[in-house]
Amino acid sequence: MNKAVDQDLANLIEADRNHVWHHLTQHKPYEDKDPLMIVKGEGMRVWNQAGKEHLDAVSGGVWTVNVGYGRESIANVVRDQLIELNYFAGSAGSIPGAKFAKKLIEKMPGLSRVYYSNSGSEANEKGYKIVRQIAHKRYGGKKHKILFRDRDYHGTTITALSSGGQIERKAEYGPFTPGFVEVPHCCEYRCQFDDASDYGVKAAKEIERVILAEGADTVGAIVLEPVTAGGGVITPPEGYWETVQEICKKYDVLLHIDEVVCGVGRTGAWFGYQHYGIKPDIVTMAKGVASGYAAIACTVTTEAVFDMFKTNSDDPMDYFRDISTFGGCTSGPAAALENMRIVEDENLIDNTNAMSDHLMEGLRGLQNKYKVIGDVRGKGLFCGAELVMDRQTKEPAPESMLAQIAADCMEQGVIIGRTNRSLHGLNNTLCLSPALISTKDDIDEIVAAIDNAMGRHAVI
Ligand SMILES: Cc1ncc(COP(=O)(O)O)c(C=O)c1O
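Residues numbered from 1 in each chain as written. Predicted model: local features only at pLDDT ≥ 70, side-chain atom pairs only at ≥ 80, totals over all residues. Heavy atoms only, no water.

Undergrad: I'm lost on the site of the ligand in this one. Help?
TA: Ser-119, Gly-120, Ser-121, Asn-124, Tyr-153, His-154, Gly-155, Glu-225, Asp-258, Val-260, Val-261 and Lys-287 make up every residue found near the ligand. One of the backbone nitrogen or oxygen atoms of Gly-120 is found 2.8 Å away from an oxygen atom of the ligand. Contact with the protein chains hides 82% of the accessible area of the ligand, taken as 390 Å² for the molecule alone. Looking at which element gives the most residues to the shell around the ligand, the answer is helix H5 (residues 120-139), with three residues. A class-by-class count of the residues in the shell around the ligand yields three nonpolar, six polar and three charged. (Near = heavy atom within 4 Å. Polar contact = N/O pair within 3.5 Å; in protein donor to acceptor, adjacent residues only side chain to side chain. Areas by Shrake-Rupley, 256 points an atom, 1.4 Å probe, with all protein chains shown as cover. Helix = DSSP H or I, 4+ residues; strand = E, 2+ residues; numbered from the N terminus. Nonpolar A, V, L, I, M, F, W, Y, C, P; charged D, E, K, R; others polar.)

Right, dumping it as structure tokens:
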């Protein structure tokens with residue numbers, strides 16, 4: 001690099017240090033060291049400000065860049081769309097909005113309406129507002145409570161956090177929005193019953209217990225991740241979803257599935273819920289919908305839910321009185337449409353399933369080698385390894401150990417994830433969610449980096 005470029009970069013690092021408030025970051029260390037800046041991406045790889053290359057095993061840090069970096073075709077359709085029409089409020093339709101909705105609904109039998117906004121939190125809040133409004137329209141406001149599950153996460157705004165089951169994420173942000181009630185988790189490895197037989201059914205029946213305790217006439221919906229992401233990559237136990245579905249039906253509780261992480265291929269199906277034969281009433285999605293090339297989120301509902309908002313067309317209040325300014329940006333659906341074409345044309349869902357087997361095999365190999373790995377779980381290219389100090393007692397490994405492993409991998413040029421200040425004492429899962437374009441060589445490189453790091457930091 002020549003001197004002028006060096007100086008430009010130094011100035012930019014200074015600008016970042018002095019003016020940018022990074023997400024989820026304690027800034028004190030940046031007084032003595034440079035903040036991390038990621039400045040370029042191509043395929044599975046990103047480069048930092050010093051030009052160091054990294055293999056990204058977490059798709060942009062937060063399971064987002066599903067089709068990989070540097071996709072010119074997405075950039076081109078977004079550019080063309082911005083020149084044609086960048087924006088108009090979502091009370092009107094748009095060409096990419098109509099095209100993407102049609103394409104999306106083809107992948108989601110049983111659902112029929114797409115409401116656009118621009119973050120996972122917002123998409124979930126739309127779902128909650130739909131439930132609340134139905135409660136008022138049909139049940140005099142009574143059936144307004146929304147259940148959520150311990151260890152799940154649904155977003156960052158105060159109401160989305162109110163529906164979050166990750167206690168450390170909520171610390172210092174209360175008081176929370178009323179009307180959200182927690183149900184127990186379904187992590188089989190952390191079975192909460194004396195008798196672990198039939199775990200999935202038992203864990204689901206806990207939902208029924210809570211509904212009855214609250215009063216079924218007060219519970220309007222339950223929001224659940226198909227596979228819990230940031231709460232420790234928790235795959236549902238056998239029998240769980242069938243029982244959840246029965247309970248929802250029995251008590252007239254709407255089933256809201258949060259596909260913000262799982263949606264659009266991540267788990268090896270178009271949507272995570274499709275592995276389990278679930279029939280949701282509301283589905284939300286964001287991250288992988290356009291792989292981070294544009295901001296887009298969708299709240300998708302059945303026609304039955306949608307129909308409830310047009311029963312009294314003479315009543316001036318009888319429609320979904322919600323708006324999202326940037327839900328009207330046309331770049332979102334334009335990028336999402338091209339993103340979906342790529343997933344289809346490049347057979348990325350098949351690749352996800354094939355690479356998932358390879359990744360799980362690699363992680364199980366590490367589990368045989370390192371006693372510290374208590375459990376390996378995952379679905380598609382979405383895997384976790386839970387670390388424990390003792391396989392018998394399952395005492396969780398300290399968060400500091402996971403931080404060291406992740407930092408060591410970073411040093412080796414591989415970016416991995418981990419549960420992060422989410423749950424008291426249970427921030428002990430390493431998380432992997434490489435892009436759906438991963439090859440065997442990429443997976444081998446990721447597993448080898450973890451192997452090296454564990455050899456140095458995870459000996460118990
Ligand atoms: C399952 C789940 N839902 C919702 C959200 C919130 O999405 P966003 O950060 O786009 O608001 C997240 C973010 O990580 C998530 O993991």
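Alright, that's what it looks like, and here's the rest.
Undergrad: Just to check I follow, could you spell out the sheet that holds strand E13 (residues 414-415) for this structure?
TA: Whenever strands of a sheet pair, they do so through backbone hydrogen bonds, lying parallel or antiparallel. Read across the sheet, four strands follow the order E1-E2-E3-E13 without closing on themselves; strand pairing throughout is mixed. Edge positions in the open sheet fall to strand E1 (38-42) and E13, since each of these has one partner strand only. One ladder, built from three bridges, connects strand E2 (residues 45-48) with strand E3 (residues 53-56); its direction is antiparallel. Of the residues in E3, the one forming a bridge with Arg-45 is Leu-55. (Pairing = 2+ DSSP bridges.)

Undergrad: Even after reading the chapter, I still don't get the packing of helix H4 (residues 95-106) against helix H11 (residues 331-345), so can you show me in this structure?
TA: In a pair of packed helices, the angle between the axes and the distance between the axes together describe the arrangement. At a minimum axis distance of 8 Å, the contact between H4 and H11 shows a crossing angle of 35 degrees. Like other packed secondary-structure pairs, H4 and H11 cross with a definite hand, here left-handed. Judged by residue contacts, Pro-96, Gly-97, Lys-99, Phe-100, Lys-103 and Leu-104 of H4 engage Pro-333, Ala-334, Ala-336, Leu-337, Met-340 and Glu-344 from H11. Taken together, the residues that form the contact of H4 with H11 break down as eight nonpolar, one polar and three charged. (Axes fitted to C-alpha atoms, helices over the stretch in contact; angles between N-to-C directions. Left-handed = near helix turned anticlockwise from the far one by under 90°. Contact = heavy atoms within 4.5 Å.)

Undergrad: Sorry if this is basic, but what is going on with the nonpolar core here?
TA: What tends to happen in soluble globular proteins is that the nonpolar side chains get buried as a cluster. Leu-104 and Val-300 are the most contacted members of the largest nonpolar core, which totals 58 residues. No other element matches helix H8 (residues 199-214), which puts six residues into this core. The residues contacting Val-300, other than those within four sequence positions of it, are Leu-104, Ile-105, Met-108, Leu-111, Arg-113, Val-114, Asp-281, Ile-282, Val-283 and Met-285. By size, the runner-up hydrophobic cluster in this structure holds 35 residues, among which are Leu-363, Val-376, Cys-383 and Leu-430. (Core = buried A, V, L, I, M, F, W, Y, C linked by side-chain atoms within 4.5 Å. Buried < 20%, exposed > 50% of the residue type's maximum accessible area, 1.4 Å probe, protein only.)

Undergrad: Teacher, can you tell me more about the sheet that holds strand E15 (residues 429-432) here?
TA: The strand order across the open sheet built from four strands is E11-E12-E15-E14, with neighbouring strands paired in antiparallel fashion. The sheet terminates laterally at strand E11 (373-378) and strand E14 (417-418), the two strands that pair on one side only. For E11 and strand E12 (residues 383-387), the ladder comprises five bridges, and the chain directions are antiparallel. Paired with Ile-373 across the strands is Leu-387, a residue of E12. Lying over the sheet, helix H12 (residues 348-369) contacts E11, E12 and E15, oriented at roughly 175 degrees with respect to E11.

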